[in-house]
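# Structural overview
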Amino acid sequence: MKTKFLMLAAAAGAAAFASPAMAQEAGDIQLKVVATAVLPEGDIESIPFDNVPLPADFDTAANDNVVPTLAVEYFLTDSFSIETIAGTTQHDVDAFAGLPGAEIVSDGLLLPATFTGKFHFDAGGIKPYVGAGGAYFIWLDADPGAGIVPLGVTDVNLSDELGLVLQAGVDVPLGDNGFGLTLDAKRYFIDTTLTVFVDDTLILETEHSLDPWVLSAGVSFTF
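Residues numbered from 1 in each chain as written. Predicted model: local features only at pLDDT ≥ 70, side-chain atom pairs only at ≥ 80, totals over all residues. Heavy atoms only, no water.

## Let's talk about the nonpolar core
Our working definition: Residues belong to one nonpolar core when they are buried, are Ala, Val, Leu, Ile, Met, Phe, Trp, Tyr or Cys, and are joined through side-chain atoms within 4.5 Å. Exposure categories follow from relative accessible area, calculated using a 1.4 Å probe and restricted to protein chains: below 20% of the type maximum is buried, above 50% is exposed, and the middle band is partly exposed. Runs of E in the DSSP output that reach at least two residues are strands. Runs of H or I that reach at least four are helices, and both are numbered from the N terminus. The contact criterion used is simple: two residues touch if any of their non-hydrogen atoms lie within 4.5 Å.
Ile 104, Val 105, Phe 137, Val 156, Tyr 188, Leu 194 and Val 196 are the most contacted members of the largest nonpolar core, which totals 31 residues. Contributing elements (two or more residues each) for this core: strand 4 (65-75), strand 6 (89-97), strand 7 (103-120), strand 8 (127-144), strand 9 (155-158), strand 12 (191-198) and strand 13 (201-209). Sorting elements by how many residues they give to this core places strand 8 first, with 4 residues. If near-sequence neighbours (up to four positions away) are discounted, Val 105 is found in contact with Asp 92, Val 93, Ala 142, Asp 143, Gly 145, Leu 158 and Leu 194.

Okay, here's the thing in structure tokens:
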């Protein structure tokens, strides 16, 4: 996935030098429609409560996903903007140690509410940028995985959490009509707590590091 992302970046750079660049200005709005690869970790950081009990080497990982995403960006100055994104992503959490292959969480639906401030630079026809901000991960839904249902599990919850995000990317204007290509990479630093219930009784609580890489490529329009 990362290799393909770099190939797209090289192609976008070549396209930029073939077309006159349109610089963003204060007051501009930029819309981006992108394909986004969400690559979380999902490792267990700690197990505050375990009434199962779990194997000593138990650990988990969340699966990757590719989803469409919409980004909306507003330029406060010619070189500084604020951006937010809209989209959801769905993930399973599976054990890879202790109970390898056991599905712990099924269809966890995440809304990664994200807000960043971005500094833009002029690099001879392309517009690289760096940014940072905050994110609030909101879990809209999650179901018990097939690996824990036989234990009598009736419900699982993933906690909503606040975290940090770093961002870098490049905008590549295509002509002077506002259209362009965009490549973006974000790294989130955020955790979540999984709680597992049999009826109303808590049987397991685990702290997970998510810290996903989020890589996007797509098109943009500035107006």
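Alright, that's what it looks like, and here's the rest.
## Brief notes about the pattern of salt bridges
We count it as follows: The term salt bridge refers to a pairing of a side-chain nitrogen on Lys or Arg with a carboxyl oxygen on Asp or Glu at a separation within 4 Å.
Applying the stated criterion across every chain, the model contains 7 salt bridges. Among the salt bridges present, the one from Glu 41 reaches Arg 187, with a minimum N-O distance of 3.3 Å. Taken together, the residues span a long stretch of sequence, with Glu 41 in the loop between strand 1 (29-39) and strand 2 (43-50) and Arg 187 in strand 11 (residues 179-189) at a distance of 146 residues. Notably, a salt bridge pairs Lys 118 with Glu 73, separated by 3.1 Å at the nearest N-O pair. Pair noted here: Lys 118 is in strand 7 and Glu 73 is in strand 4, with a separation of 45 residues, a long-range link. For the pair Lys 118 and Glu 73, one class covers both residues: buried. Each of the salt bridges in this network shares a partner with another, and the network as a whole consists of Lys 32, Glu 73, Glu 83, Lys 118 and Asp 171.

## Topic: the packing of aromatic side chains
Where we set the bar: Aromatic pairs are defined between Phe, Tyr and Trp rings, using the six-membered ring for Trp, whenever the two ring centres lie within 6.5 Å; interplanar angles under 30 degrees are classed as stacked, those over 60 as edge-to-face, and all others as tilted.
Evaluated as defined, the whole model comprises 4 aromatic pairs. Between Phe 80 and Phe 119 the ring centres are 4.9 Å apart and the planes differ by 55 degrees, which places this aromatic pair in the tilted class. With Phe 80 in strand 5 (residues 80-86) and Phe 119 in strand 7, this pair connects stretches of sequence that are 39 residues apart. The class for Phe 80 is partly exposed, based on a relative accessible area of 22%. Between Phe 179 and Phe 221, the ring centres sit 4.8 Å apart and the planes meet at 45 degrees, which makes this aromatic pair tilted. Here Phe 221 lies in strand 14 (residues 213-222) and Phe 179 lies in strand 11, a separation of 42 residues in the sequence. You can call Phe 179 partly exposed: its relative accessible area is 46%.

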